Amino acid sequence: MSWFKRIAPKLLSTEPKKNIPAGIWIKCPECGETLYSKDLDKNLKVCLNCSYHFRLTAEERIASLVDDGTWTELFSGILPKDPLQFTDSKKYKDRLKAATTKTKLEEAITCGEGRMMGQRVAMSVFNFRFMGGSMGSVVGEKITRTIEYALAEKLPVIIVSSSGGARMQEGALSLMQMAKTSAALYQLAQAKLPYVSLMTDPTTGGVSASFAMLGDINIAEKGALIGFAGPRVIQQTIGQQLPAGFQRAEFLLEHGAVDLVLDRRELKGQIANLLGIMLPRG
Amino acid sequence: MYVLELEKPVAALRSKIEELRALMDAGNLESGSEIAKLEAKAKQLEEEIFKNLDNWDKTQLARHPFRPCTLDFVQHCTKDFQELHGDRHFRDDPSIVGGFCRIDGTRFMLIGHQRGRTTTENVHRNFGMPHPEGYRKALRLMKLAEKFGVPILTLIDTKGAYPGLGAEERGQSEAIAVNLREMAGLTVPVICVVIGEGGSGGALALGVGNRVLMLEHSIYSVISPEGCASILFGDSSRAQEAARSLKYVAKDLLKLKVIDGFVPEPVGGAHAKPEEALDSLKKAVLKHLGQLEKLSAEQLIQGRYEKFRQMGVFAESV
Ligand SMILES: [Zn+2]
């Protein structure tokens, strides 16, 4: 049985799986192996040959972490506006419409409550496919509400990041979401509630430079690109080639920025184990 | 002489005035009436230009090499400044300076980005673009101030945090993020002023205050107009359009409730009359400190949280 059939019905209706239609052969971009999509799904979209991690949708990510049938979505119906009346080659409003049509999602983040091996958690999960997972007012607001919900319910927080950073089209308001979410994490820390930050491919810019790096436990998913500046910007700035593996999960572990680099298939068990130790019993 | 495009019409009049003055001094001009006329005209023209500055004009002013910087504020507005160095872990980052001082007798911890004016200075100060150790030094000094109940003033003036190899290796993201979280919990008043260019997370890392102000012609943006143009238009030379779209000038940011107010600059801009601009800035800082001094530590933390908590614009369906 496919692992993402286990998902709560509410989610299935909001985001029909469309990344990989059932019964199709997929070529691994890393090793070139041809994989049967049902096998790939069963393996949490990790290549059966080389362990390459395909990107997940928020729906798939939640299903991979949360116990069957325990997920309740929170804070839906918070929708983006266009406070700057921003126009580049396209209007921001049109970009939003296109993103909604493409992903069938309201915004670049899905939040809710669920159980991980029985432990209640509050969780925010990025949808990279929605405008590159960029953080504008809605993303910042929903993350902040997730943290405030956890404070009220005395729950640990898990944020799964996958984002190119702040959303340009909302200007300084996007920038301020970095301060807003980080200030909420200050309160969570005061309340001594655990926060696990899971950084997946890619986590850069204003997302990495705020809540993503502030975990009590920082976990990088295997192979993920994680950094402040994008590799292209750095290359332009310093005018030289970047070393192999630069800004990859393993690079961050080596330089002390994350506690762990984990294979996707180990995440749920390891996070649940850590929460069990950090959370006082009773 | 460094003359901006927007200053050229006035500069032309002024050089004409200089010529006439030289003639008069040499006894070759009988009456000063022409000079007086031109002076009045120059003044009127300058006022008009400065009343109608667009976002790109302001970007040029914000980046002006002679715009007052943190060390100018130190020199003109403070006494007993003692610069303090280093993050205690890696090195001292000269693109952020900080230290104890007094402003009109009141104790302050002053921390600000510092760029250079000459090439040598800019190399030393990395063009005011900090590495992680700069942000860690800043936080160390903020905690030091907190320990002794000293209010904090930050002056923001950077294109952004430096995007380089060492910066990534040493955790640029983490350094900025920790400042955002820890500034939220400071028990002393924090006043932040964008005095030039406030570029992205590298600016915000000194920007979580009870009051966030801007000098009138400063800019405060999620991304540089060049960076924005290069991503959205695939052409960094369309920065002027991006500057318009990003609405990163004080008037717009006040409307969006990103800042609490701005400090007016003299006609001609802060670089034209730096002492006047700095005096106004000092006055504004002391006024806001007067309000914040009355608050308890809890009120300061709560006030700062609520201020940032309400930032953002979205629709909510029930
Ligand atoms: Zn493979």
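Counting of residues starts from 1 at the beginning of each chain's written sequence and follows it residue by residue. In the order they appear in the text, chains get letters beginning with A and ligands get numbers beginning with 1. Local features in this predicted model are restricted to residues of pLDDT 70 or higher, and side-chain atom pairs are both shown and tallied only at a pLDDT of 80 or more, whereas totals for entire chains, interfaces and linings draw on every residue.

Engineer: Break down the confidence of the model for chain A for me, citing the residues and quoting the values.
Structural biologist: Per residue, pLDDT captures the predictor's confidence, and it can take any value from 0 to 100. When pLDDT is averaged along chain A, the result is 92, and 91% of the positions lie at 70 or above. For the purpose of contact definition, each residue receives a C-beta atom placed from its backbone, and two residues are in contact when these atoms lie within 7 Å. Considering only residues more than four positions removed or in separate chains, one finds that residues 1-18 of chain A, a stretch of pLDDT under 50, has 31 contacts.

Engineer: Mind laying out the nonpolar core, listing which residues take part and the relevant values?
Structural biologist: To form a nonpolar core, buried Ala, Val, Leu, Ile, Met, Phe, Trp, Tyr and Cys residues must be joined through C-beta atoms within 7 Å. Backbone-placed C-beta atoms define the burial measure: a residue is buried with 20 or more other C-beta atoms within 10 Å of its own, exposed with 12 or fewer, and partly exposed in between. Membership of the largest hydrophobic core comes to 154 residues, with the highest contact counts inside it found for A:V157, B:M142, B:L180, B:V193, B:M214 and B:L215. With 11 residues, helix α6 (residues 171-190) of chain A is the largest single contributor of residues to this core. Not counting residues up to four positions away in its chain, the partners in contact with A:V157 are A:A122, A:T146, A:I147, A:A150, A:L188, A:L193 and A:Y195. Here a helix means four or more residues in a row that DSSP labels H or I, a strand means two or more in a row labelled E, and each is numbered from the N terminus.

Engineer: Can you break down the environment of A:L260 residue by residue, with the values?
Structural biologist: Tracing the backbone shows A:L260 in strand β11 (residues 260-262). As for A:L260 and A:S182, which are separated by 78 residues in sequence, their C-alpha atoms are 22 Å apart.

Engineer: Describe the packing of α6(A) against helix α14 (residues 297-309) of chain B, and please don't skip the residues or the numbers.
Structural biologist: Here α6(A) crosses α14(B) at 135 degrees, and the two axes come no closer than 9 Å. Regarding the angle of α6(A) to α14(B), the classification is oblique. Like other packed secondary-structure pairs, α6(A) and α14(B) cross with a definite hand, here left-handed. In contact with A:M176, A:A179, A:K180 and A:A183 of α6(A), α14(B) contributes B:Y305, B:F308 and B:R309. Axes, fitted as lines to C-alpha atoms, cover a helix only where it is in contact. Angles between the N-to-C directions of the axes lie from 0 to 180 degrees. Any angle between 65 and 115 degrees counts as roughly perpendicular, while under 35 counts as roughly parallel, over 145 as roughly antiparallel, and the rest as oblique. A crossing counts as left-handed when the near helix is turned anticlockwise from the far one by less than a right angle, and as right-handed when that turn is clockwise.

Engineer: Mind laying out the interface of chain A and chain B, listing which residues take part and the relevant values?
Structural biologist: Each partner contributes residues to the interface: chain A has 48 residues there, and chain B has 46 residues. Counting residues per element, the ones that place at least two in the side of chain A that touches chain B are β4 (78-80), α5 (137-153), α6, α7 (205-208) and α8 (231-238) of chain A. Ranked by residues supplied to the side of chain A that touches chain B, first place goes to α6(A) with 14 residues. Classification convention: Asp, Glu, Lys, Arg as charged; Ala, Val, Leu, Ile, Met, Phe, Trp, Tyr, Cys, Pro as nonpolar; all other residues, Gly among them, as polar. Residue classes in the side of chain A that touches chain B are distributed as 27 nonpolar, 17 polar and 4 charged.

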